[in-house]
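Overview (structure and organization)
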Amino acid sequence: MDDLKNILDEFSFKGELKRCEAFGSGHINMTYIVTYNDNNSISHYIVQKVNTNVFKNIDALMENIFAVTSFLREKIKLNSGDPERETLNFIKTKDGAKYCKSADGNCYRAYRFVDRSKSYDSVDSAELFKKSAVAFGRFQKYLSDFPAETLHETIPNFHNTIWRFENEFIPAVQSDIKGRAKSCSREIDFVMKRKEDCSLLVNLIKQGKLPIRVTHNDTKLNNVIFDEDSDDAICVIDLDTVMPGLALYDFGDSIRFGANTCAEDEPDTSKVKINLDYFKAYAAGFLSEAGDSFNAYEIENLAFSAKLMTLECGMRFLTDYLNGDTYFRTDYPEHNLVRARNQFALVADMESHMEEMKNIISTL
């Protein structure tokens, strides 16, 4: 086991170490908050052991993060903001490296903790959802002229839905290694009937109609931190999946996660609906910041992107169920199938409200 004190000594922290504690509720990286006292000035830092089983190319990952956060700091300064609070500030090691490696081969990184901040795990109001949208929209706006092609694609084909359909879903159906296909034939058919949807955005990229941008790719509410006093969203965090992609992916996945009337593993699909008030609130917040940087094709496909990201997620749950639950953590044998059914119910409800969703976008 690594000696954490030795790890901390690798970084350029100021002052005397006073406290080091486990922090947060993340399931991928191991996170600590450390406190230093520098001449009676207290500073807090976050130190993380990166899960290199999930993120195999740590150099590419950290290069992406440093490039994006450096760019954001300059944009925030130009907009008279506070770069110490409005983006993550990573700290290099004493040797000038972006992370350090322990004797056991584990990789650690560090950044300044944003003081007087808080986070939320669930979307409890349209107002809160809109505030998170403002943060993700500003993230898109500030990075709209960042050369996305210079970033590493740390997870290839992450939101290439047609690739997932052809290279993951179809092989899982055909091999049926756990003999489960018969029990989910309706769900398989649901995906099959929407194959054309899977390729729509990819085709628009090929036609040069959708620009490749910097995308966050994990736009959940708890990846935004809020000011403790004003309750305004101030900073987007968890940048491990930052890479080239479509702004539509970030918008669509936010709606999939936050505008579902139920948790994504609610087994009673009759309860699963798209909350149009939440959809409108998020779209308004997101476009208030990012809208001027988007082209007509991006605006036109915002509502569709919510359906596509939900379909893709459901397809991934179903693929994992067919493969024997090797990717997503499950609590019971049919957990992934329940999740897939939930997502497909949301897709169906979005389809029945698609014109309303498009009209909402057009009025903003």
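Coordinates for the structure precede this section.
Read on for an overview of the structure. (Residues numbered from 1 in each chain as written. Predicted model: local features only at pLDDT ≥ 70, side-chain atom pairs only at ≥ 80, totals over all residues. Heavy atoms only, no water.)

**Regarding the environment of Ser43**
By the secondary structure assignment, Ser43 is in strand E3 (residues 41-50). Each C-alpha atom, one on Ser43 and one on Lys14, is 8.1 Å from the other, the two residues being 29 residues apart in sequence. When near neighbours in sequence (up to four residues on either side) are disregarded, Ser43 contacts Val34, Thr35 and Tyr36. (Helix = DSSP H or I, 4+ residues; strand = E, 2+ residues; numbered from the N terminus. Contact = heavy atoms within 4.5 Å.)

**A word on helix H13 (residues 354-363)**
Within H13, burial applies to Met354, Met357, Ile360 and Ile361. The buried residues of H13 all sit within an arc of 120° when viewed along its axis, so they share a single face. Opposite its buried face, H13 presents the exposed residues Glu355, Ser362 and Thr363, each directed more than 90 degrees away. Of the surrounding elements, those touching the buried residues of H13 are helix H8 (247-258), helix H9 (276-290), helix H10 (296-300), helix H11 (302-322) and helix H12 (335-352). (Buried < 20%, exposed > 50% of the residue type's maximum accessible area, 1.4 Å probe, protein only. Arc of directions from axis to C-beta.)

**Quick word on the packing of aromatic side chains**
All chains considered together, the criterion is met by 20 aromatic pairs. Considering the side-chain rings of Phe23 and Phe113, the 5.8 Å spacing of their centres and the 90° angle between planes classify their relative orientation as edge-to-face. Of this pair, Phe23 sits in the loop between strand E1 (16-22) and strand E2 (30-38) while Phe113 sits in the loop between strand E6 (107-112) and strand E7 (117-118); the two residues are 90 residues apart in sequence, bridging distant segments of the chain. These aromatic residues form a ring-pair network of at least three members: Phe129, Phe251, Tyr278, Phe279, Tyr282, Phe286 and Phe294. Sitting over the face of the ring of Tyr321, Arg180 holds its NZ or CZ atom 4.3 Å from the ring centroid. Sitting over the face of the ring of Phe190, Arg194 holds its NZ or CZ atom 3.6 Å from the ring centroid. (Phe/Tyr/Trp six-rings, centres within 6.5 Å; stacked < 30°, edge-to-face > 60°. Lys NZ or Arg CZ within 6 Å of the ring centre and 35° of its normal.)

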